[in-house]
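Observations on chain architecture
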Amino acid sequence: MTVNVTLLVVMGVLFCVGVYLLLERSLTRVLLGLMLLTNGANLLILHTSGERGVAPLYDSSLDPAEYSDPLPQALVLTSIVISLATTAFILSMIWRSWILARRDEIQDDREDRRVATQSSYDAEDDDAMPQDTSEFNHADARFAPARHNEEEAAESPGHHRAEKLTDGNERDTHEY
């Protein structure tokens, strides 16, 4: 099998430009980037399928090594169908965005901004010591090990701190 350098360069350019366009905020550019990526992937699949051969129709006079492999062709056909469906879906998103807002640019919403500003600390995953899930807890708080760093966990979403009652006793928020 010989390597076609021109085809490899074309595939590399398709992948690079496709990824660049996918990172844009315009839905039209995202659509073009997706189309370039799928075409690059189709060329890659066909290029790795090997040399051309005889159509895979049975002929007793031919050696089996002379046939072409039909699997890469089936994969490319499946990829074309999936990319067509994805293109139609993104086109409908572009049309809907244009009808509602007269632009096809992806906007940040409040939830995106909230997630971007929150801490990456997770009290359950980032504890110094894993949570004790057994039913055998220490009755005396002096012997109970520290669960996690309170300063890091204070800004964590979903962090459950012990509440202070008016009489000074502590209670866990999970108990009630």
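About the thresholds
- Residues numbered from 1 in each chain as written.
- Predicted model: local features only at pLDDT ≥ 70, side-chain atom pairs only at ≥ 80, totals over all residues.
- Heavy atoms only, no water.
- UniProt positions renumbered as here; feature names shortened; annotations may be inferred.
- Patch = residues over 30% accessible without salt bridge, like charges linked within 9 Å, V, L, I, M, F, W, Y side chains within 5 Å.
- Areas by Shrake-Rupley, 256 points an atom, 1.4 Å probe, with all protein chains shown as cover.
- Salt bridge = Lys/Arg side-chain N within 4 Å of Asp/Glu carboxyl O.
- Helix = DSSP H or I, 4+ residues; strand = E, 2+ residues; numbered from the N terminus.
- Buried < 20%, exposed > 50% of the residue type's maximum accessible area, 1.4 Å probe, protein only.
- pLDDT = per-residue confidence, 0-100.
- Contact = heavy atoms within 4.5 Å.
- Polar contact = N/O pair within 3.5 Å; in protein donor to acceptor, adjacent residues only side chain to side chain.

- The name an unreviewed UniProt entry assigns to the protein is Na(+)/H(+) antiporter subunit C, from the organism Kocuria salsicia.
- If you open the UniProt record of the protein and go to Sequence similarities (unreviewed entry), you find "Belongs to the CPA3 antiporters (TC 2.A.63) subunit C family."
- As stated in UniProt under Subcellular location (unreviewed entry), the record for the protein gives "Cell membrane".

Considerations on a nonpolar patch on the surface
- A surface patch of nonpolar side chains, amounting to about 500 Å² of accessible area, comprises Val3, Val5, Leu8, Val9, Val13 and Val17.
- The topology assignment puts Val3 in the segment before helix H1 (5–22).
- Take Val3: its relative accessible area is 56%, and that puts it in the exposed class.

Quick look at the pattern of salt bridges
- One pass over the full model with this rule turns up 2 salt bridges.
- Between Arg29 and Glu24 there is a salt bridge, with the nearest N and O atoms lying 3.4 Å from each other.
- Classification of Arg29 as partly exposed rests on a relative accessible area of 43%.
- What makes Glu24 partly exposed here is its relative accessible area of 23%.

A closer look at the confidence of the model for the protein
- Per-residue confidence for the protein gives a mean pLDDT of 76, with 67% of residues at or over 70.
- Mean pLDDT across the secondary structure elements of the protein bottoms out at strand S1 (residues 163–164), with 44, and peaks at H1, with 93.
- In the predicted structure, residues 161–166 sits below a pLDDT of 50 and forms 12 contacts with residues beyond four places in sequence or in another chain.

Section: the UniProt feature "transmembrane region" (unreviewed entry) in the protein
- The UniProt record marks residues 6–23, 30–50 and 70–95 with the feature "transmembrane region" (unreviewed entry), using the residue numbering of this structure.
- Structurally, residues 30–50 comprises 90% helix and 0% strand, and the distance from its first C-alpha atom to its last is 32 Å.
- Annotation note: span residues 70–95, helix share 100%, strand share 0%, distance between end C-alpha atoms 38 Å.

Section: unusual backbone geometry
- The backbone of Arg102 sits at a positive phi, close to 60°, despite the residue not being glycine.
- Locating Arg102 in the fold gives a position in the loop between helix H3 (70–101) and helix H4 (110–117).
- The exposed category is assigned to Arg102, whose relative accessible area is 55%.

What to know about the environment of Ser68
- Following the sequence through the fold, Ser68 ends up in the loop between helix H2 (27–48) and H3.
- Counting along the chain gives 11 residues from Ser68 to Leu57, while the straight-line C-alpha distance between them is 9.7 Å.
- With residues near it in sequence (within four places) discarded, Ser68 still touches Gly53, Val54, Ala55, Pro56 and Gln73.

Some points on the side chain of Asn42
- Relative to the helices and strands, Asn42 resides in helix H2.
- Separated by 2.8 Å, the side chains of Asn42 and Ser79 make a polar contact.
- Contacts of Asn42, omitting those with residues within four sequence positions, involve Val76, Ser79 and Ile80.

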